[in-house]
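Structure at a glance
For reference, the chains in residue letters:
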Amino acid sequence: MQPSTITAYLLANRAFVAPTVEQAVGALELAGRTRLLDAGTGAGGGLVALARAGDPAARVLGVDRNPQALALARAHAEEARVASRVETREGDLLEVLAEASAPGEGFDAIWASDVVWPGNFADPAAAVGALAGALSPGGVLALFSSNYYQAQFLPGHSRLQQKLRTASELNWGLPGGGPTHYERHVHWAVAAGLRNVRVRVLPRVAFPVDDDPTARPYLERVVWPELLEAARKKGREAGMDEGELELAEALLTPGSDRYLLDEPGYYLVHSMLLVTGAR
């Protein structure tokens, strides 16, 4: 992606998930927890939510490898007036976790949003183990997932969406199942020895779609480009025939006479997941 495209992607994604992130962070009961980590901070949605919800004495460290994302995160913290409570660090998350595993260096809470999956880690279970090991005794780990592949993006076209999902998985090189599958956050949390592991489902519904000012930008700048790229590169491998490839192009291309968001009954259902556990 070009830098401008990456920025548009990150900002549209951050805006759409923001209400759900705020809800999820609010469920962590951060009172009294002063050393917080946003693991893979991206554009800073979690960073700001943690700073707002945390103890007045809390400080949040946001870690990411992408300097462009970190610049957006710092700007977001400034705009939200929480910059004095946050710090960002460009670097390898596993190195930060290794440092925090030393006695007295652990975090009271760690937030990891859409960061632990096989696209980022060859061994996601080991990454969750490292996150758990970087907690102070009694610290809480929150694994948040936008649950992208279970969202209902194409109501009325379920078979086409299933094939687009498969094409996307193939395009990203994701496994179709097994111990590294991206839906196994609960399994990884249990394997890491965390206590009181819980799963919360946080639904997000947009209908009519333009009643939610973040939904159309999210679909048009994040979802549609990703699905169309996957269809063009891996659609045939995912079992799409020529008619389905043409239909995907028509449904997901703004200005098309079959454009999905122009249908009066279009709705989006996006159920996100929060998995928590304590050390």
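Summary of the structure given here. (Residues numbered from 1 in each chain as written. Predicted model: local features only at pLDDT ≥ 70, side-chain atom pairs only at ≥ 80, totals over all residues. Heavy atoms only, no water.)

**Considering the packing of helix α6 (residues 158-172) against helix α9 (residues 242-252)**
The following threshold applies: Orientation is described by axes fitted as lines to C-alpha atoms, over the contacting stretch for helices, and by angles from 0 to 180 degrees between their N-to-C directions. Per the convention used, a helix needs a DSSP run of H or I reaching at least four residues, while a strand needs a run of E reaching at least two, with both numbered from the N terminus. In what follows, roughly perpendicular refers to angles from 65 to 115 degrees, roughly parallel to angles under 35, roughly antiparallel to angles over 145, and oblique to any angle outside these ranges. Contact definition: two residues touch when any of their heavy atoms are within 4.5 Å. In this count, Pro and Cys sit with the nonpolar residues alongside Ala, Val, Leu, Ile, Met, Phe, Trp and Tyr, while Asp, Glu, Lys and Arg are called charged and the others, Gly among them, polar.
Running from N to C, α6 and α9 cross one another at 95°; their axes reach a closest spacing of 11 Å. Put simply, α6 runs roughly perpendicular to α9. Residues Leu 160, Lys 163 and Leu 164 of α6 form the contact with α9, whose own contacting residues are Glu 244, Leu 247, Ala 248, Leu 251 and Leu 252. Tallied by class, residues from the contact of α6 with α9 come to six nonpolar, no polar and two charged.

**Points about the nonpolar core**
Spelled out, the test is: Here, nonpolar core refers to any group of buried Ala, Val, Leu, Ile, Met, Phe, Trp, Tyr and Cys residues whose side-chain atoms link them within 4.5 Å. In this scheme, a residue with accessible area under 20% of its type's maximum is buried, one over 50% is exposed, and one in between is partly exposed, where area comes from a 1.4 Å probe on protein chains only.
Counting 61 residues, the largest nonpolar core has Trp 111, Phe 153, Leu 154, Leu 219 and Trp 224 as the members making the most contacts within it. Sort the elements by how many residues they give to this core and helix α8 (residues 215-234) lands first, with nine residues. Setting aside anything within four residues of it in sequence, one finds Leu 154 in contact with Leu 160, Gln 161, Leu 164, Trp 224, Leu 227, Leu 251, Leu 252 and Leu 260. If you look at the next biggest cluster of nonpolar residues, it comprises 26 residues, including Val 96, Phe 107, Ala 112 and Leu 135.

**Topic: the pattern of salt bridges**
Where charged atoms of side chains with opposite charge meet at close range, the side chains can pair. Inclusion rule: What counts as a salt bridge is simple: a side-chain nitrogen of Lys or Arg found within 4 Å of a carboxyl oxygen of Asp or Glu.
This structure, assessed with the given rule, holds 13 salt bridges. Across the pair Glu 242 and Arg 236 runs a salt bridge, and its minimum N-O distance is 2.6 Å. Counted as one network, the salt bridges with shared partners bring together Arg 165, Glu 169 and Glu 183.

**Topic: the packing of aromatic side chains**
Rule in force here: Note on aromatic contacts: the rings of Phe and Tyr and the six-membered ring of Trp form a pair at centre separations within 6.5 Å, being stacked when their planes are under 30 degrees apart, edge-to-face when over 60 apart, and tilted otherwise.
As enumerated under the stated definition, the model contains six aromatic pairs in all. Arranged with centres 4.2 Å apart and planes meeting at 5°, the rings of Phe 16 and Tyr 218 form a pair that is stacked. Here Tyr 218 lies in helix α8 and Phe 16 lies in helix α1 (residues 3-26), a separation of 202 residues in the sequence. Considering the side-chain rings of Trp 111 and Phe 144, the 5.3 Å spacing of their centres and the 25° angle between planes classify their relative orientation as stacked.

**Observations regarding α6**
Inclusion rule: The span one expects for a helix is its residue count, reduced by one, times 1.5 Å.
The terminal C-alpha atoms of α6 lie 21 Å apart, and with 15 residues this matches the ideal 21 Å at 1.5 Å per residue to within 8%. Taken together, the buried positions of α6 are occupied by Leu 160, Gln 161, Lys 163, Leu 164, Ala 167, Ser 168 and Glu 169. Here the buried face of α6 lies against α8 and α9.

**Here we look at empty space enclosed by the protein**
Empty space among the atoms becomes apparent when a probe as large as a water molecule is rolled across them. In plain terms, the rule: Using a grid of 1 Å spacing that covers the protein atoms alone, one calls a set of points a cavity when a 1.4 Å probe fits there but cannot get out, and a pocket when the set is open and has protein on both sides within 12 Å along at least five of seven lines; lining residues are those with an atom within 4 Å of a point. Grid points are joined across faces, edges and corners, and a volume is the space filled by probe spheres set on the points.
Taken as a whole, this structure holds one cavity of 30 Å³ or more when the rule is applied. As a volume, the largest cavity reaches approximately 60 Å³. Lining the largest cavity are Tyr 148, Tyr 149, Ala 151, Phe 153, Gln 161, Leu 164, Arg 165 and Leu 227. Per-class residue counts for the lining of the largest cavity are six nonpolar, one polar and one charged.

**Section: the layout of surface pockets**
In this structure, the second largest pocket spans a volume of roughly 220 Å³. In this structure, the second largest pocket is lined by Ala 27, Leu 28, Glu 29, Arg 33, Val 140, Asn 196, Arg 198, Arg 200, Thr 276, Gly 277 and Ala 278. Only β6 (195-206) and β7 (268-278) provide two or more residues apiece to the lining of the second largest pocket. Of the residues assigned to the lining of the second largest pocket, the class counts are four nonpolar, three polar and four charged.

**As for a nonpolar patch on the surface**
Our working definition: Excluding any residue in a salt bridge, patches collect residues exceeding 30% relative accessible area, merging like charges within 9 Å and nonpolar Val, Leu, Ile, Met, Phe, Trp and Tyr side chains within 5 Å. Residue burial considers only the protein chains on display, and all accessible areas are found by Shrake-Rupley using a 1.4 Å probe.
The grouping of Val 205, Phe 207 and Tyr 267 at the surface amounts to a nonpolar patch, some 290 Å² of accessible area in total. Positionally, Val 205 belongs in strand β6. Looking at Val 205, the relative accessible area reads 54%, which means it is exposed.

**A few points about the side chain of Thr 20**
Topologically, Thr 20 is positioned in helix α1. On the basis of relative accessible area, Thr 20 is assigned to the buried category, the value being 2%. Sequence-distant contacts of Thr 20, defined by excluding residues within four places in its chain, comprise Phe 144, Leu 202, Arg 204 and Met 272.

**So, the sheet that holds strand β1 (residues 35-39)**
Convention followed: Whether two strands pair comes down to DSSP finding at least two bridges between them.
Read from one edge to the other, the open sheet built from seven strands follows the order β3-β2-β1-β4-β5-β7-β6, with strand pairing classed as mixed. Edge positions in the sheet fall to β3 (86-90) and β6, since each has one partner strand and no second. The sheet shows a mean angle of 15° between the axes of neighbouring strands, direction not considered. As paired elements, β1 and strand β2 (residues 59-64) share five bridges and run parallel to each other.

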